[in-house]
Amino acid sequence: MTICASVKVRDGLVLATDSMSQIFAKVSATQQIGVVKTYSNATKLFQVARLPIGIMSYGIGNIGKRSVQGLLREFGPSSNTVKDVADALFTFIKSPYDAEFGADQRPALGFFVAGYSKSKPFAEEWEFLLPRDNAAKSVRAEDVFGASWRGIDLPFTRLYKGFDPRIGSKLKSAGLDDKQIKEVLQSLELPVVFDGMPVQDAIDFAVFICKTTIGTSMFEAGPPGCGGPLQVATILPDSGFEWISKPSLIVNGLR
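Parameters and conventions
Residues numbered from 1 in each chain as written. Predicted model: local features only at pLDDT ≥ 70, side-chain atom pairs only at ≥ 80, totals over all residues. Heavy atoms only, no water. Salt bridge = Lys/Arg side-chain N within 4 Å of Asp/Glu carboxyl O. Helix = DSSP H or I, 4+ residues; strand = E, 2+ residues; numbered from the N terminus. Buried < 20%, exposed > 50% of the residue type's maximum accessible area, 1.4 Å probe, protein only. Pairing = 2+ DSSP bridges. Axes fitted to C-alpha atoms, helices over the stretch in contact; angles between N-to-C directions. Contact = heavy atoms within 4.5 Å.

**Student:** Teacher, can you tell me more about the pattern of salt bridges here?
**Tutor:** A pair can form between side chains of opposite charge whenever their charged atoms are brought close. In total, this model carries 15 salt bridges according to the counting rule given. Between Asp98 and Lys94 there is a salt bridge whose closest N-O contact spans 2.6 Å. One end of the pair, Asp98, and the other, Lys94, are both in helix α2 (residues 82–100), four residues apart, so they sit about a helical turn from each other. Sharing partners across several salt bridges, the network here consists of Lys94, Asp98 and Arg106.

What follows is the structure, encoded as structure tokens:
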């Protein structure tokens, strides 16, 4: 399923993902869609052309015979603003997605698009999740800083928020109203200061999000939903997109 993280601070942006991919296919006579294989070395973090803009993908790793990585090789937006890139990506991906998956079998496929538009001092973040969304939407205001994590979001949400998000419905069932629940749960969030956080600390925080999620996925019951080497990049207003950790092709076992 993936874990991908974005940490936005005053002086830059950090994007990080794991490398596990789930391959979906029609696996039965009734044409059901299911996971037929997982791999641990998929690319899920991409630079858009030579722009200071990155894309992270999560959810399924393929649309029919095409991998997400293969599809994105053909993606070439005509505009260089983050919003326009996100809008173009939505149009580009939705067509093959709709053609491959019927109304009753529509697995989740999400994209997080972030980076710098020309002449803007702060990074922008846009996203969409199919089949849920009908268009790309803004993650936060341009002058607001913070962290976002997508894919397998429950493990780090529990740590950061101080509670399991599913507890809200249980508290409501126990007799608390929405206002009481909000007052109790708001006081538990981890007090992280993003406004003023240096880029190196943003890198460390993005890696922390991914490693926390991968560790939980490794040990909880069931097959892991994320894992493999981390892919990490910074996007800075002066130097653009730069890889911090980019998995390369190797022969395992050889030094």
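**Student:** Just checking my understanding: could you explain the pairing of strand β2 (residues 12–17) for this structure?
**Tutor:** On any regular strand, side chains alternate: one points to one face of the sheet, the next to the other face. β2 sits mainly inside the fold: six of its six residues count as buried. Examined bridge by bridge, strand β1 (residues 3–9) and β2 share six bridges and lie antiparallel to one another. Looking across to β2, one finds that Cys4 is bridged to Thr17. Between β1 and β2, which pair antiparallel one after the other, the connecting turn spans two residues. Pairing of β2 with strand β13 (residues 231–236) involves five bridges; the strand directions are antiparallel. Within β13, the residue paired with Ala16 across the bridge is Val232.

**Student:** When you look at the sheet that holds strand β12 (residues 146–151) in this model, what are you seeing that I'm missing?
**Tutor:** Consider a sheet: its strands pair through backbone hydrogen bonds, and that pairing is either parallel or antiparallel. Taken in spatial order, the five strands make up an open sheet running β12-β1-β2-β13-β14, and their pairing is antiparallel. Of all strands in the sheet, those with a lone pairing partner are β12 and β14 (240–245), marking the two edges. With direction set aside, neighbouring strand axes in the sheet form an average angle of 15°. Bridge analysis of β13 against β14 gives five bridges, and the strand direction is antiparallel. Bridge pairing in β14 places Leu236 opposite Gly240. Sheet strands touched by helix α6 (residues 199–219): β1, β2, β12, β13 and β14. Its angle to β1, the strand with the most contacts, is close to 160°.

**Student:** Please explain the sheet that holds strand β5 (residues 45–47) as it appears in this structure.
**Tutor:** Ordered in space as β5-β6-β9-β10-β11, the five strands form an open sheet in which the pairing is antiparallel. The strands lining the two open edges of the sheet, one partner per strand, are β5 and β11 (137–138). Where β5 meets strand β6 (residues 53–59), three bridges bridge the pair, whose relative direction is antiparallel. Counted as the bridge partner of Leu45 is Met56 from β6. Contacts from α2 reach β6, β9 (109–115) and β10 (124–130), with the element oriented near 15° to β10.

**Student:** Mind showing me how you'd approach unusual backbone geometry here?
**Tutor:** Glycine aside, residues mostly have negative phi, and peptide bonds are mostly found in the trans state. Put simply, Leu130 and Pro131 share a cis peptide bond, and its omega is 10°. Inspection of the secondary structure assignment puts Pro131 in the loop between β10 and β11. A positive phi angle, near 70°, is found at Ser119, a position not held by glycine. For Ser119, the location among the structural elements is in the loop between β9 and β10.

**Student:** Honestly, the environment of Val68 in this entry has me stumped. Any pointers?
**Tutor:** Residue placement: Val68 occurs in helix α1 (residues 68–73). Val68 sits in the buried class, given a relative accessible area of 4%. A C-alpha to C-alpha distance of 9.5 Å links Val68 and Tyr58, two positions 10 residues apart in sequence. Excluding anything up to four places from it in sequence, Val68 contacts Ser57, Ile60, Gly61, Asn62, Leu109 and Phe111.

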